Amino acid sequence: MENKQIAVLVTNGVEDVELTSPREALAQAGYEFCLIGNRAGEIIQGKKGTPFRIDRGIDEVKPEEFRALFIPGGFSPDQLRGDQRFVDFTKTFLEQNWQIFAICHGPQLFIQTGLADQLHLTAYQTVQPDLIYAGAKVEDQPVVVSENLITSRNPDDLPDFNQAIVSALTAA
């Protein structure tokens, strides 16, 4: 049976719609989000106040359990990149060329992996220079698809982003 679990690295301050909109699009395609944070059962708050329950703690999961990795934006990725466990989880997906989806500030997490210089992507306007300084090839486009990495800039790009990630998963 095909793995339908999508790992979602998240903590307080996530951009609400950047989590809920892709989750809805992928659920309609038969995929399930597994919210991964510090502790299972913890309730985190989105930037706009939406509560989200963490399904599994980062110490309870292995990257190979999941079909893909999704990193929504907001303030969440900046906090997560300070925790080596989340960086290592992300780095495994990059090293193995497994499917990764990130929007807005999500690509900030890639900088700490030391692999940004191998990436072709987009991100939120203020994150783009940081990625360029880290050696990434950055385009200011609504969606950039580079092998198994799909990135987007901001909530306005969600329709294109959602279409791209659903297409990538259903085509694979």
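Within each chain, residues carry numbers counting from 1 in the order of the written sequence. Totals for whole chains, interfaces and linings use all residues, but because this is a predicted model, local features are given only for residues with pLDDT of at least 70 and pairs of side-chain atoms are given and counted only at 80 or more. Water and hydrogen atoms were dropped before computing side-chain values, which therefore reflect all heavy atoms in the structure.

### Quick word on helix α1 (residues 16-28)
Along an α-helix, a turn takes 3.6 residues, which lines up residues three or four apart on a common side.
Here is step 1: Where helices and strands are cited, they refer to DSSP runs of H or I of at least four residues and of E of at least two residues respectively, numbered from the N terminus. In a helix, the anticipated span is given by 1.5 Å times the number of residues less one. Taking 1.5 Å per residue as the helical rise, α1 with its 13 residues ought to reach 18 Å, and the 19 Å between its terminal C-alpha atoms agrees with that figure.
Here is step 2: To sort residues, take the accessible area from a 1.4 Å probe on protein chains only and compare it with the maximum for the residue type: under 20% means buried, over 50% means exposed, and anything in between is partly exposed. Every buried residue of α1 is listed here: Asp16, Glu18, Leu19, Pro22, Ala25 and Leu26.
Here is step 3: Trailing α1 by a residue or two, Gly30 shows a phi angle of about 95°, which is positive.

### Examining the packing of aromatic side chains
Here is step 1: When the centres of two rings from Phe, Tyr and Trp lie within 6.5 Å, Trp using its six-membered ring, the rings pair. Their planes under 30 degrees apart give stacked, over 60 give edge-to-face, and anything left gives tilted. Throughout the structure, instances matching the rule amount to five aromatic pairs.
Here is step 2: Measuring from centroid to centroid gives 5.5 Å for Phe33 and Phe70, while their planes differ by 40°, and the two rings are tilted. Placement of Phe33 in strand β2 (residues 32-37) and of Phe70 in strand β6 (residues 68-71) is noted, with a sequence separation of 37 residues between them. For the pair Phe33 and Phe70, a shared accessibility class is recorded, and that class is buried.
Here is step 3: Consider the rings of Phe70 and Phe161, whose centres lie 6.0 Å apart with planes at 35°: the pair is tilted. Of this pair, Phe70 sits in strand β6 while Phe161 is found in helix α6 (residues 158-171), placing the two residues 91 residues apart along the sequence. You'll find Phe70 and Phe161 in the same group, each marked buried.
Here is step 4: Taken together, the ring pairs connect Phe66, Phe89, Phe93 and Trp98 into an aromatic cluster.

Limitation: the analysis is restricted to geometry and does not speak to function.
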